[in-house]
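Report on the structure
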Amino acid sequence: MRAAVIQFPGSNCDRDMAVAIRQIMGAETSLVWHRETALPDNLDLIAIPGGFSYGDYLRSGAMAARSPVMQAVVAAAQRGVPVLGVCNGFQILTEAGLLPGALMRNAGIRFVCRTVQLKVENSQSIFTSQYDSGETIAIPVAHHDGNYFADAETLDRLEGNGRVAFRYAEPVNGSSRNIAGILNDSGNVLGMMPHPERMIEDVHGGSDGRRLFEGLIRQIA
Amino acid sequence: MKTRVFVTLKNGVLDPQGKAIHHAIESLGFSGIHDVRAGRLIEIEHEPGLSQSDLEAMCSKLLANMVIENFEIEQAA
């Protein structure tokens, strides 16, 4: 099994993500710098980690989404390679057009950094198969721009097609319909603001994030 | 040559920053303010030959996120 974690200037969850993928999935994981124009061959997973790529200049994720490596990521996603974007990674995926909508400043203006309760809305995806539908899990968030926005038609389409993967079970950032994570149409791209890679062993205060990676092993193997 | 690009939030998109600025203005004692919305001004220095369609492409591909924002291009003197 092979995975790549993309690194941008200002990424800060890249190593945590690589540790989670290596430790839980046992995948050979390479860190790929944003200026690369090609990805390693035969990838089973691409992860876009959290952080503040390019200092959040212009808009969160805007500059990263136009960096050279993202063209390769978009092409891989279109071929069906699983892509997981967490936090800044979710922002980058929307800016790159792989997921609909946009992530705006939190409704309360403040940076939110705490563990939140999430409801698993779709347990049929390659990322969520080890959760139960409707289950509540605890995963940390740490973001300033996590307020998911899309027009009503897009939101209805996401909900109608089971593309809402996770919803906040408590007020967090003003997201439309409390959306915390969404899938693309073909189900191989997941973007989510909460950090599953920060909740993978008991010393983290819980391990609810672990099953996302465990589920991927089964789907990919 | 200089061109100014104004990027603003679309109508109906909530603007928490504008709201905070609104409150700050009022807390300074100014009254009669109905609403404040914050945007971004980008100044671009360029060759005179740059086409309007290239400017528009820059705006829609990078400077504005068309999901939530509009842009306006103003040729400066």
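Coordinates for the structure precede this section.
Residues numbered from 1 in each chain as written. Chains lettered and ligands numbered in written order. Predicted model: local features only at pLDDT ≥ 70, side-chain atom pairs only at ≥ 80, totals over all residues. Heavy atoms only, no water.

1. Here we look at helix H1 (residues 14–25) of chain A
Residues and elements named next belong to chain A. Helix length check: H1, at 12 residues, gives a terminal C-alpha distance of 16 Å against a target of 16 Å (1.5 Å per residue), a fit within 8%. The inward-facing, buried residues of H1 contact strand E1 (2–7), strand E2 (28–33), strand E3 (45–48), strand E4 (83–86) and helix H6 (210–220). Following H1 by one or two positions, Gly26 adopts a phi angle in the positive range, close to 65 degrees. (Helix = DSSP H or I, 4+ residues; strand = E, 2+ residues; numbered from the N terminus. Expected span 1.5 Å × (residues − 1). Contact = heavy atoms within 4.5 Å.)

2. A few points about empty space enclosed by the protein
Residue and element names in this part refer to chain A. Applying the stated criterion to the full structure yields 1 cavity of 30 Å³ or more. Looking at the largest cavity, its volume works out to about 50 Å³. Looking at the lining of the largest cavity, the elements that each hand over two or more residues are helix H4 (88–95) and strand E7 (136–143). Its residues placed into classes, the lining of the largest cavity shows 4 nonpolar, 6 polar and 2 charged. (1 Å grid on protein atoms, 1.4 Å probe; cavity = no way out; pocket = protein on both sides within 12 Å on 5 of 7 lines; lining within 4 Å. Points joined across faces, edges and corners; volume = space filled by probe spheres on them. Nonpolar A, V, L, I, M, F, W, Y, C, P; charged D, E, K, R; others polar.)

3. Some details on the sheet that holds strand E2 (residues 40–45) of chain B
Residues and elements named next belong to chain B. The strand order E2-E1-E3 describes an open sheet built from 3 strands, whose pairing is antiparallel. At either end of the open sheet lies a strand with only one pairing partner, and these are E2 and strand E3 (69–75). Taking the axes of each pair of neighbouring strands and ignoring which way they run, one obtains an average angle of 20 degrees across the sheet. Two elements, strand E1 (residues 2–9) and E2, share 6 bridges in a ladder whose sense is antiparallel. Each residue of the ladder has a partner; that of Arg4, found in E2, is Glu43. Along the sheet, helix H2 (residues 52–63) contacts E1, E2 and E3; its crossing angle with E3, the most-contacted strand, is approximately 150 degrees. (Pairing = 2+ DSSP bridges. Axes fitted to C-alpha atoms, helices over the stretch in contact; angles between N-to-C directions.)

4. Observations concerning the pattern of salt bridges
Inspection of the entire model under this criterion finds 17 salt bridges over all chains. Between Glu43 of chain B and Lys2 of chain B there is a salt bridge; the shortest N-O distance is 3.9 Å. Separated by 41 residues along the polypeptide, Glu43 of chain B in strand E2 and Lys2 of chain B in strand E1 bring together distant segments of the chain. Look at Glu43 of chain B and you get partly exposed, because its relative accessible area is 42%. Of the charged contacts, one joins Arg40 of chain B and Glu69 of chain B as a salt bridge, the two residues approaching to 3.7 Å between their closest N and O atoms. Highlighted residues: Arg40 of chain B in strand E2 and Glu69 of chain B in strand E3, separated in sequence by 29 residues. The structure contains a network of salt bridges with shared partners spanning Lys119, Glu121, Asp156, Glu159, Arg167 and Arg177 of chain A. (Salt bridge = Lys/Arg side-chain N within 4 Å of Asp/Glu carboxyl O. Buried < 20%, exposed > 50% of the residue type's maximum accessible area, 1.4 Å probe, protein only.)

5. Brief notes about a nonpolar patch on the surface
Residue and element names in this part refer to chain B. A surface patch of nonpolar side chains, about 320 Å² in accessible area, is lined by Leu28, Phe30 and Ile33. Tracing the backbone through its elements, the reader meets Phe30 in the loop between helix H1 (16–27) and E2. Owing to a relative accessible area of 53%, Phe30 belongs among the exposed residues under this scheme. (Patch = residues over 30% accessible without salt bridge, like charges linked within 9 Å, V, L, I, M, F, W, Y side chains within 5 Å. Areas by Shrake-Rupley, 256 points an atom, 1.4 Å probe, with all protein chains shown as cover.)

6. Quick notes on the state of the cysteines
All names here are of chain A. One pass over the full model with this rule turns up 0 disulfides over all chains. Cys13 carries a free sulfur, and the closest cysteine sulfur to it, the one in Cys87, is 6.4 Å from it. As a non-bridged cysteine, Cys113 has Cys87 as the owner of its nearest cysteine sulfur, 9.7 Å distant. (Disulfide = S-S within 2.5 Å.)

7. With respect to the interface of chain A and chain B
At the junction of the two partners, chain A supplies 13 residues and chain B supplies 16 residues. Contact with chain B buries area across many residues of chain A, yet Leu58, Arg59 and Met104 of chain A alone supply 42% of it, more than any other trio. Where chain A meets chain B, there are 1 salt bridge. The partner of Glu69 of chain B in a salt bridge is Arg59 of chain A, and the shortest N-O contact between them spans 3.6 Å. Considered class by class, the residues forming the side of chain A that touches chain B number 7 nonpolar, 2 polar and 4 charged. (Buried area = accessible area lost by both parts, 1.4 Å probe.)

8. A few points about the pairing of strand E6 (residues 112–120) of chain A
Residue and element names in this part refer to chain A. Across 8 bridges, E6 lies against E7 in antiparallel orientation. Across the sheet, Gln117 pairs through a bridge with Ala138, a residue of E7. For E6 and strand E9 (residues 164–168), the ladder comprises 3 bridges, and the chain directions are antiparallel. Within E9, the position partnered with Lys119 by the bridge is Arg167.

9. As for the layout of surface pockets
Over the atoms rolls a probe the size of a water molecule, and in doing so it shows where empty space is left. Taken as a whole, the largest pocket encloses approximately 490 Å³ of empty space. Contributing to the lining of the largest pocket are 24 residues, with Leu58 and Arg59 of chain A together with Gln17, Arg40 and Glu69 of chain B lying nearest its centre. Of all the secondary structure elements, the ones that give two or more residues to the lining of the largest pocket are H4 and strand E5 (102–104) of chain A together with E1 and H1 of chain B. In terms of residue class, the lining of the largest pocket is made up of 9 nonpolar, 7 polar and 8 charged.

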